[in-house]
Structure formats: C-alpha cells, structure tokens
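Survey of secondary and tertiary structure
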Amino acid sequence: MAQSTVLRAKEDEQCYSFVLLSGHRIPAVGLGTWRSGSDASNSVSTAVLEAGYRHIDTAWEYGVHEEVGQGLKDAMDAGIERKDLFVTSKLWCSDLSPERVRPALLNTLEELRLDYLDLYLIHWPFRLREGASRPPQAGDVLDFDMEGVWREMEKLVAQNLVRDIGVSNFTLKKLNKLTSFAQTMPSVCQMEMHPGWRNDKMLEACQKNGIHVTAYSPLGSQENGRDLIHDPTVERVAKKVNKSPGQVLVRWAIQRGTSVIPKSTNPERIKENMHVFNWVLPEEDFNALSSIPDQVRATVLCFNIFMKRYSFDGFRYILKQKRVLHGEDLFVNKNDGPFRSVEDVWDHED
Ligand code: NDP
C-alpha cells in the first residue's frame, strides 16, 4: 500500500482524526479493551485523562462494558464532554438476527451508561446459537440474515442511538453483498491489520468505497498472537527513528490511512502508544515494515537452504502473510456445520 494513502485519508493536523462517510470524525488512535478485565476502568480513565485518547473500542463479547462505562464516567466527571469522545461497541454473533439488534444495543448502552454510541459494528458476520461451544458443535453456527440485520442497524442511526454503523471481520464477498443493498453504507470496516497481516486487498476495496478502516491487533495481539514488538525489522526501524517498537507499529497503521486501536492496561504503554504524531516513518522504513515475511515459514526456508533443498515452494513461503485471529475456535467444525475450515470462514480469499 503506497504511502500516498496518508494524504488521501485526510489525517487532521489538529485533532488527529479521519473523516467518515457520514462526515463524523474518528480519532486516529483508540484504546482497545479486549482482555482488559477488571483493569478496563482504570485503563479507560488513564487513557482519556492522562494520555489524551478520545476513542475507546469495546464489545459486548469482551465482558468489560461495565468497567469501560465506569472509566468513561470518571473521565466525564473530570470534565471531558461526551461529544468529544468516540465510543465503539459491537453486536455479538448470538444477537445477529433482526429482532435482537435493538435489544442488544439498548443493553450495551445500559452497561456502558451512555445514551448513544458513536459506532456500532457487526462483530463477526456469523450467527451463533446462544451458549454455543468453542469450538462449535453441530447446530451452533446458524444462517445469518445480513439484510434484515443491516436494516435494523440503519434504524438505530435514524433513531439517534448510534451515530455510525459498520462491520468487522468481513471478506470482499460479504462486503460486496452488504453494499449491494445498504441504504446507509458502512462507515467503518474493522479488521486485523499489522505488518504480519496487511490485508491489502480489503484495505483497497474499502478505500475505493470510501469506507474507513480501523486496524485491530496492531501489535500482533498477545498470547497466541504474533510477537511483532520483538520482530527484527520493527526493532531496527524503532532504533533508527528513536521510537519504541509499539509506537512504530501504531504509526505504520496511521500512515496506511487506518485508525488503530492498540490495547494496553499498563499506564506507561497506554501513553507510549499515543505518542505517534508530529513525526513520520520515512518511506523506506514504512516499506520495510510493509514487507515483513512470515518468520515461521522463513525458518523453513533457511533450513532448506542449509540442507541444499532450496526450492521455489520455499520462496513462496517467505512471502506469505498470516492472520492471528482466524476465527477457527469460534466457527469451524471440521465434521458438521457450514464452515469446515478456516478457509471457509474467509470465503477462500486469503
Ligand atoms: P494488540 O495488538 O493491541 O496487542 C496488545 C498486547 O500488546 C497486550 O499484551 C499489551 O500488553 C501489549 N502492549 C500494548 N502496548 C505495548 C507497547 N507499547 N509495547 C509492548 N507491548 C505492548 O492486541 P489486541 O488483540 O488486544 O487488539 C487491540 C484491540 O483491537 C482489542 O483490544 C480490541 O479492542 C480490538 N479487537 C477487535 C477484534 C474484532 O474482532 N473486531 C478482534 C481483536 C481485537 P499490556 O496490556 O500489558 O500493555
């Protein structure tokens, strides 16, 4: 993805935000809250009051709405105005049927103690039976009435309960289907994006349609994720530009024209991740980050060279990008159900 995207993306000098199709602004950096647990309340208030965040990303499924709501209340009690905050939440898979959309949103507002959301996203484009197992059993993954659900999302905008609506974890195929009937276009598409999974195809498709992209798991996530903080290219660039690896990864996302939602519950890292303005990654470093290979497969290539078994297949491996959050645990049942593999989940587009 060329760096010129940055210019097209209307990054605002003053308040560091991107303009959505609706004309509303989304702040370029937001705080992620997945796996923040009971720390979410302090993280949110620290982010807003001490680090200058105005954008918080959460979801019903993260189980932290009440903590996030408390953090937002603390920030507003300290003088931050609601209109200056941008709060995103997401409609979970078990509520992905038309009659459940409005009750789910009302419940989310109550948990967050808010009277409107800035952005409401379809979390994943798959319906799950309430109480579905992980991995799912037969009958856990159900049909999803995309048009019916989207109509209900559109009504939430008309009723001023939500300012913008959007999607997450969509493929090109699903995005094309949605835009074919949408009366209100999705303002935002939230997707996994970092140098190890750039997802250029979706970014380009969204930009062509004027749909803003938010990059999730920008640091490679955690636990079973990918440790980009210690990636040699990221470390080299960080040393060169005299920033931390986390800042380099967040800045890379902004320079692609995406907003970005790093998660942290550590006050110092929350602040660190916000210090990504008034400097740029030089083009050669941006490009180096945009061509980080898949390290596991790169090791296979080196081993093959050592064994004098270098092959063209090995070369293909080194260019491969890889998702961290592929949804296997949530949606794939190898023997029974609509998705027998991760490739099925992603419409065989990867
Ligand atoms: P991130 O890529 O943001 O990585 C978070 C991890 O990085 C944590 O372990 C955190 O630890 C650590 N970390 C944070 N800042 C730094 C830093 N500067 N240096 C070193 N380590 C750091 O992972 P997430 O998967 O949480 O993604 C971010 C957010 O995106 C989520 O919290 C959620 O809001 C959203 N998301 C949306 C999804 C969707 O389906 N729409 C799916 C996944 C995520 P510590 O807290 O200790 O600092």
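Quick caveat, the model's predicted, so the values are computed rather than measured.

Criteria and cut-off values
Residues numbered from 1 in each chain as written. Predicted model: local features only at pLDDT ≥ 70, side-chain atom pairs only at ≥ 80, totals over all residues. Heavy atoms only, no water. Near = heavy atom within 4 Å. Polar contact = N/O pair within 3.5 Å; in protein donor to acceptor, adjacent residues only side chain to side chain. Areas by Shrake-Rupley, 256 points an atom, 1.4 Å probe, with all protein chains shown as cover. UniProt positions renumbered as here; feature names shortened; annotations may be inferred. Helix = DSSP H or I, 4+ residues; strand = E, 2+ residues; numbered from the N terminus. Buried < 20%, exposed > 50% of the residue type's maximum accessible area, 1.4 Å probe, protein only. Contact = heavy atoms within 4.5 Å. Pairing = 2+ DSSP bridges. Right-handed = clockwise from strand over helix to strand, strands pointing away. Arc of directions from axis to C-beta.

1. Let's talk about the site of the ligand
- Near the ligand lie 30 residues; those nearest to it are Asp57, Ser221, Gln222, Ser264 and Arg269.
- Side-chain polar atom of Lys263 to an oxygen atom of the ligand: 2.8 Å apart, as the coordinates give it.
- Across the complex, the protein chains shield 90% of the 910 Å² of accessible surface that the ligand would expose by itself.

2. Details of the UniProt feature "active site" (unreviewed entry) in the protein chain
- When the UniProt feature table is mapped onto this chain, "active site" (unreviewed entry) is found at Tyr62.
- Note that Tyr62 resides in the loop between strand S4 (55–57) and helix H3 (65–77).
- Residue class for Tyr62 comes out buried when judged on its relative accessible area of 17%.
- Sequence-distant contacts of Tyr62, defined by excluding residues within four places in its chain, comprise Thr33, Trp34, Asp57, Lys90 and His123.

3. Section: the UniProt feature "domain: NADP-dependent oxidoreductase" (unreviewed entry) in the protein chain
- The UniProt record marks residues 29–292 with the feature "domain: NADP-dependent oxidoreductase" (unreviewed entry), using the residue numbering of this structure.
- Helix makes up 39% of residues 29–292 and strand 15%, with an end-to-end C-alpha separation of 23 Å.

4. Focus on the pairing of strand S5 (residues 86–91)
- For S5, the buried fraction is high: six of the six residues fall into the buried class.
- Two strands pair when backbone bridges link them, and S4 and S5 are joined in this way by three bridges, in the parallel orientation. In the strand pairing of S5, Asp57 is matched with Thr88.
- This β-α-β element, S4 to H3 to S5, shows right-handed connectivity.

5. Some words on helix H7 (residues 200–208)
- The set of residues buried in H7 consists of Met202, Leu203, Ala205 and Cys206. Along H7, the residues classed as buried sweep out an arc of 165 degrees about the axis, all on the same side.
- Against helix H6 (172–181), strand S10 (188–192) and strand S11 (212–216) lie the buried residues of H7.
- Among the residues trailing H7, Gly210 stands out with phi positive, at a value near 75 degrees.

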